[in-house]
Amino acid sequence: MPSVTTVPGRWPLIGHTVTMLRNPVEFLSSLSTRGDVVKVFLGPLPVHLVTTPELALKLLASDKFDKGIVFDKMRPLFGNGLATSNGAFNQRQRRMVLPAFHRTRVAAYAEAVITSLATELRDSWHDGRRLRFDAVMQDFVMTVAGRTLFSAELGPEVLAEIKRSVPIMLERVLVRAFSPSFVEKLPLRANREFDEAAARLRAIIPEVVVGARKEGADHGDLLSALLAARDADTGEAMTDEQVHDEVVTILTTGAETTAVALAWFFHEVGTRPAVRQRFHDEVDAVLGDRPATFGDVAKLEYTGRVINEVLRRTPPIILMRRAREDVEIGGVLVKKGSEIAVSQHTLHRDPRWFPDPDGFDPDRWEPSKAADLPKGAFIPFGAGSRFCPGHLLAHTEIAIAAATIATRWDLVPVAGQRVHAQVKATMQPNQLPMTAQSRKRSA
Ligand code: HEM
């Protein structure tokens, strides 16, 4: 079998990590010019990367791969929840958890939680209010996640604890994942804060789980759905510990990704007058002054295209896997136990599928144009056996929040502040200062 090209720019010990972290989009989007399968080094660890839509789908659909090293490092945090478990156990859990994300359930979460919280947020600002908009979106999404999971019975102190602890863990989890294990044991402030936050969640969530199971009522929330789920073969429910792991997994995987997408949405709209005009025109035509509901999401067609374009340009960074056995992929032998990955940035910035890949063009998502994309070229939510169960909830939340806010506010970037993407658990803006300006005034 042919040997694989190692991407130039590798340093001793640190491999390509620093190059990638310093300029992730440039590095990852350049890989498809070097071959269909290439090799990079994350620190000392060799990782194969596939760079074509076809091989991406092959990798993500195959049952010959586990999640790999990043997820090993996340296991102390996520336990054996959906994101970190593997093989038959993961597939069993997916069958049990997926009904909690069914369209009818998402419609109910939108009605009970998302629209009202978006309205509350919209009504909480005054004209000219300056906001740290990335932090505002994080707080909003954490509140939505808390209420979607636990509805009314969750006391304000539990929600406050979730909002305090989850961001601390998210801030540090990727650095932890790419560091040698001994670093986690060093008496550093970052480690102490991470461990304390994980311990606080481990202490507080089981109380809620046990309490809700004892009460036995269906509140229409995600927790009720998890508790009611039964294994199709054995009829068994999940243990309290498993429910805990799924709850922490959903809180952490779902909140950060959605908050970051909302932050980028307003950054892109705020810096592109033509896009902003069309977004506002659509919001005015579909909603007027009223908040958006689940039923409006399909009508907010241009908003949906802007969301897609945001998810094309600033998706999560990389999907990693590890071979369970020797596997051939793209004519390359990947040995059992080796790491292999695909980066959404490689696929989403490939000019073969996305002309002018660095441009921001929501119209590339017009149905007739989008229909020409090869399968696997656009995978913000992954694909195959580990496809994101929260994709519909995420799209619904972003569309409802963005449109509801825009019924009243134009979010104007504060002049002179440079906003760029940085690698945390996802691709976050380094900062996002914005001013809420009344649309009535600007009209
Ligand atoms: C814009 C928002 C979101 C993005 C971009 C996103 C992206 C992703 C991606 C790429 C994966 C696949 C990871 C892999 O294959 O290694 C994934 C998995 C997952 N996502 Fe999302 N996600 C989002 C929102 C959500 C929400 C709102 C939830 C739940 C409330 C959620 C829950 C999960 C879970 C539990 C998994 C693990 C599934 C498994 O491994 O079997 N996500 N997500």
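Residues numbered from 1 in each chain as written. Predicted model: local features only at pLDDT ≥ 70, side-chain atom pairs only at ≥ 80, totals over all residues.

**Student:** What's the story with the site of the ligand in this structure? I'm lost.
**Tutor:** Around the ligand, 23 residues are found, and the nearest of them are Gly254, Thr257, Gly382, Cys388 and Gly390. When contributions to the shell around the ligand are tallied by element, the ones reaching two or more residues are helix 5 (87–97), helix 12 (240–271) and helix 18 (391–406). Counting residues per element, the shell around the ligand draws most heavily on helix 12, which supplies seven residues. Looking at side-chain class alone, the shell around the ligand contains 13 nonpolar, eight polar and two charged residues. (Near = placed C-beta within 6 Å. Helix = DSSP H or I, 4+ residues; strand = E, 2+ residues; numbered from the N terminus. Nonpolar A, V, L, I, M, F, W, Y, C, P; charged D, E, K, R; others polar.)

**Student:** What should I look at first to understand the sheet that holds strand 13 (residues 433–438) in this one?
**Tutor:** Taken together, three strands build an open sheet; the order of strands is 5-13-10 and the sheet is antiparallel. Each having just a single partner strand, strand 5 (129–132) and strand 10 (409–413) make up the two edges of the open sheet. If you compare each strand with its neighbour and ignore which way they point, the axes differ by 35 degrees on average. The sheet contact formed by strand 10 and strand 13 spans five bridges and is antiparallel. Bridging from a neighbouring strand, Asp410 pairs with Gln437 of strand 13. Against the sheet, helix 7 (residues 133–150) touches strand 5, strand 10 and strand 13, its axis set at about 70 degrees to strand 5. (Pairing = 2+ DSSP bridges. Axes fitted to C-alpha atoms, helices over the stretch in contact; angles between N-to-C directions. Contact = placed C-beta atoms within 7 Å.)

**Student:** Would you take a moment to explain the domain arrangement of the chain for this structure?
**Tutor:** A common measure of how large an interface is: the accessible area buried when the components associate. Here the domain parsing of the chain yields domain 1 (1–81 + 317–379) and domain 2 (86–313 + 385–443). The partner domain 2 presents 30 residues to the 29 residues of domain 1 that form the contact. Every element with two or more residues in the side of domain 1 that touches domain 2 is listed here: helix 1 (17–22), helix 2 (24–29), helix 3 (53–61) and helix 4 (69–78). By residue number, the principal contributor to the side of domain 1 that touches domain 2 is helix 4, which donates six residues. (Domains from an automatic or database assignment.)

**Student:** What exactly am I supposed to notice about helix 4 here?
**Tutor:** Along an α-helix, residues three or four apart share an orientation, since each turn contains 3.6 residues. Those residues of helix 4 that fall on the buried side of the exposure criterion are Val70, Met74, Leu77 and Phe78. Take helix 4 and look down its axis: the buried residues cluster within an arc of 70 degrees, on one side only. One or two steps after helix 4, the chain reaches Gly79, where phi turns positive at roughly 60 degrees. (Buried ≥ 20, exposed ≤ 12 C-beta atoms within 10 Å, placed from the backbone. Arc of directions from axis to C-beta.)

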